[in-house]
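# Residue-level structure breakdown
As a plain string of letters, each chain reads:
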Amino acid sequence: MTARLSLPAVALLLAAPLAVGCKNDCQQLCHAMADYAADDCGEEWSKDQLKSCMDDQKEAVKDNEDLNEVCADIADGLKEEWTCEDLAVYFD
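Residues numbered from 1 in each chain as written. Predicted model: local features only at pLDDT ≥ 70, side-chain atom pairs only at ≥ 80, totals over all residues. Heavy atoms only, no water.

### Focus: the pattern of salt bridges
- For the structure on display, the rule yields three salt bridges.
- K51 is the partner of D55 in a salt bridge, and the nearest nitrogen-oxygen pair spans 2.8 Å. In this pair, D55 and K51 both sit in helix α3 (residues 47-63), four residues apart, roughly one turn of the helix.
- Residue D55 is classed as partly exposed on the basis of its relative accessible area of 36%. (Salt bridge = Lys/Arg side-chain N within 4 Å of Asp/Glu carboxyl O. Helix = DSSP H or I, 4+ residues; strand = E, 2+ residues; numbered from the N terminus. Buried < 20%, exposed > 50% of the residue type's maximum accessible area, 1.4 Å probe, protein only.)

### Regarding helix α2 (residues 25-41)
- Along its 17 residues, α2 runs 22 Å from first to last C-alpha, staying within 8% of the 24 Å computed at 1.5 Å per residue.
- Residues of α2 that are buried make contact with α3, α4 (66-76), α5 (78-81) and α6 (84-88).
- The N-cap residue of α2 is N24: its side-chain oxygen and the backbone nitrogen of C26 are 2.8 Å apart.
- Where α2 terminates, the next one or two residues include G42, which has phi positive at roughly 70°. (Expected span 1.5 Å × (residues − 1). Contact = heavy atoms within 4.5 Å. Polar contact = N/O pair within 3.5 Å; in protein donor to acceptor, adjacent residues only side chain to side chain.)

### Overview of the nonpolar core
- Counting 16 residues, the largest nonpolar core has C30, M33, W45, L50, L87 and F91 as the members making the most contacts within it.
- Looking at this core, the elements with two or more residues in it are α2 and α3.
- Looking at this core element by element, the count peaks at seven residues for α2.
- The residues touching M33, leaving out its near neighbours within four places in the chain, are W45, L78, W82, L87 and Y90. (Core = buried A, V, L, I, M, F, W, Y, C linked by side-chain atoms within 4.5 Å.)

### Concerning the environment of K62
- Mapped onto the elements of the fold, K62 is located in helix α3.
- Measuring from C-alpha to C-alpha, the distance between K62 and N24 comes to 9.9 Å, with 38 residues separating the pair along the chain.

Structure below.
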């Protein structure tokens, strides 16, 4: 018996590599923070807030390439080192 994927599942699988391919580490951190806030803290960023974070981080990394490495390090330990209270400042 073979497993069949629904059309939305196939679309998601095809779109996933495109969604992360062009983001720098700081932009990926925006998504990691938003996911963590939603999944663990019950808070959600609006699409506009996420877009703003992405735009800000794109420009920040252009001005400081070392920042990309810092963001990668933060993302690696996000759930271990940040609490929901740490993220709360982004939802005031």
